[in-house]
Amino acid sequence: MIPYVTETPDIRIPANLLPGDGRFGSGPSKVRPEAVAALAEASGRYLGTSHRQKTVKSVVGSVREGLAALFSLPEGYEVVLGNGGTTCFWDAATFGLIESKSQHLSFGEFSSKFASAAATAPHLGAPEVIASEVGTHPDAVTRDDVDLYALTHNETSTGVMMEIVRPAGAASPDEGGGLVAVDATSGAGGLRVDPTQFDVYYFAPQKCFGSDGGLWLALVSPAAVGRIARIHDSGRWTPASMDLAIALDNSRLDQTYNTPALATLFLMDDQVRWFNENGGLEFSAGRCDRSAETLYAWADASDFATPFVSREADRSHVVATVDLDDAIDAATVAAVLRANGIVDTEPYRKLGRNQLRIAMFPAIDPEDIAALCACVNHVVGALAG
Ligand SMILES: *Cc1c(COP(=O)(O)O)cnc(C)c1O
């Protein structure tokens, strides 16, 4: 390890190497300038207007229809939304989705948090937590007493993605099997998914959807809708703002229970339209595939960088984690990049590794990922020289 440095070395990256946009953070992440311009253009008619009137409700309706199209939702699936982001959705799920026992695949910071929320809920039984080493993911195990399987499409803290499939041999939820609920906060819109494999696919707008935080959205199957209604009717005490039945009623009217952030909704809608107008999930996931191919090929070929996730199929196409050689301090590299306008490549703080974490969400231009690789090469060369 090179000694701890308190000052960022003065390294200027040549302008011709710099990416067009320097935002590579894993959330909040790059918001497309075109979406911001569209918001500015519409602002006089839209911002500061009632969320119970048509102007705003039509944007909520457009987000709901756009997501149904983007994910090719089967008949009977619905799009629900509410305030508070994914973290609040976990709390809502402990009230309104888990009947008594959940199973959680825990393989990083985010997937472990939902498990903790379920573990501390006094009205639920102890959850089953299946953990694996960081940089890998466990698989769900079918159990008769589990009524909700909690999966994570992309573990943002470690850069591991997993394919979304119902646990092997599990009965369908319509026949008493557990619901499959997927935290897709950083995966939704950037990774392909088959909706018949989940009952709840939930996310927030500040990652692949290039908007701001503070909202949660969930794609729910008819079985999940049934579960929400049954728990609501059972009389289990639930704070109204956490009540998924209330959220569902409001969503069906293209509104939220309480006031949403209108700019967030607008930017989200703009991104969903951008995806759908250009070919849908194939377009958005295709951009992530191209970025991932460029980035991992660079790391594989580099003599100082190695993809952190060893199994190729587990390497995320939306958030890459790349370990650097011990001789190069990743924090210094990230600081030099930052001083040159390339931001948020620092690793997830609690992972504590000598690595860079780079978002490859659909808004991020695959060409900019190639430029970023060239910039890292330049910085590492300059630090060595
Ligand atoms: C960002 C993220 C969250 C947290 O989302 P909030 O909207 O901040 O609550 C949860 N899960 C995953 C996988 C994430 O990437």
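Structure first, text after, so check above.
Described in the following lines is the structure provided in the data block. Being a predicted model, the structure only gives us computed values, none of them experimental.

About the criteria used
- Residues numbered from 1 in each chain as written.
- Predicted model: local features only at pLDDT ≥ 70, side-chain atom pairs only at ≥ 80, totals over all residues.
- Heavy atoms only, no water.
- Phe/Tyr/Trp six-rings, centres within 6.5 Å; stacked < 30°, edge-to-face > 60°.
- Helix = DSSP H or I, 4+ residues; strand = E, 2+ residues; numbered from the N terminus.
- Lys NZ or Arg CZ within 6 Å of the ring centre and 35° of its normal.
- Near = heavy atom within 4 Å.
- Polar contact = N/O pair within 3.5 Å; in protein donor to acceptor, adjacent residues only side chain to side chain.
- Areas by Shrake-Rupley, 256 points an atom, 1.4 Å probe, with all protein chains shown as cover.
- Nonpolar A, V, L, I, M, F, W, Y, C, P; charged D, E, K, R; others polar.
- Pairing = 2+ DSSP bridges.
- Axes fitted to C-alpha atoms, helices over the stretch in contact; angles between N-to-C directions.
- Contact = heavy atoms within 4.5 Å.
- Salt bridge = Lys/Arg side-chain N within 4 Å of Asp/Glu carboxyl O.
- Buried < 20%, exposed > 50% of the residue type's maximum accessible area, 1.4 Å probe, protein only.

### A closer look at the packing of aromatic side chains
Throughout the structure, instances matching the rule amount to 16 aromatic pairs. Both rings, one in Phe-71 and one in Phe-203, keep their centres 6.1 Å apart while their planes meet at 35°; by these two values the pair is tilted. You can see Phe-71 sitting in the loop between α2 (54-70) and β1 (78-83) and its partner Phe-203 sitting in strand β8 (residues 200-203), a full 132 residues away along the chain. Through a chain of ring-to-ring contacts, the aromatic side chains of Phe-71, Tyr-77, Phe-198, Tyr-201, Phe-203, Phe-209, Trp-274, Phe-275 and Phe-283 assemble into a single cluster. Lying over the aromatic face of Trp-274, Arg-32 brings its terminal NZ or CZ to 4.2 Å of the ring centre.

### Examining the site of the ligand
Near the ligand, the surroundings consist of 13 residues, among which Thr-87, Thr-156, Asp-183, Gln-206 and Lys-207 are the closest. Take Thr-87: an N or O atom from its side chain is 2.5 Å from an oxygen atom of the ligand. Within the side chain of Lys-207, a nitrogen or oxygen atom sits 2.7 Å from an oxygen atom of the ligand. Here the ligand, which alone exposes 390 Å², has 87% of that area covered by the protein. Looking at which element gives the most residues to the shell around the ligand, the answer is helix α3 (residues 85-96), with 4 residues. The residue makeup of the shell around the ligand, split by class, is 3 nonpolar, 8 polar and 2 charged.

### Regarding the sheet that holds strand β7 (residues 179-183)
Ordered in space as β1-β9-β8-β7-β4-β2-β3, the 7 strands form an open sheet in which the pairing is mixed. Edge strands, defined here as strands with exactly one partner in the open sheet, are β1 and β3 (128-131). Sheet twist, expressed as the average angle between the axes of neighbouring strands with direction ignored, equals 20°. Alignment of β8 against strand β9 (residues 215-220), held across 4 bridges, turns out to be antiparallel. Looking at β9, one finds that Val-200 is bridged to Val-220. Helix-sheet contacts for helix α6 (residues 244-252) involve β1 and β9, and the interaxial angle to β1 is about 110°.

### Section: the pattern of salt bridges
Tallied over the entire structure, the rule returns 22 salt bridges. Between Glu-78 and Arg-252 there is a salt bridge; the shortest N-O distance is 2.6 Å. Linking Glu-78 in strand β1 with Arg-252 in helix α6, this pair joins segments that are 174 residues apart in sequence. Since its relative accessible area comes to 16%, Glu-78 is described here as buried. Residue Arg-252 is classed as partly exposed on the basis of its relative accessible area of 41%. Ionic pairing is found between Arg-338 and Glu-346, a salt bridge with its closest N-O pair at 3.1 Å.

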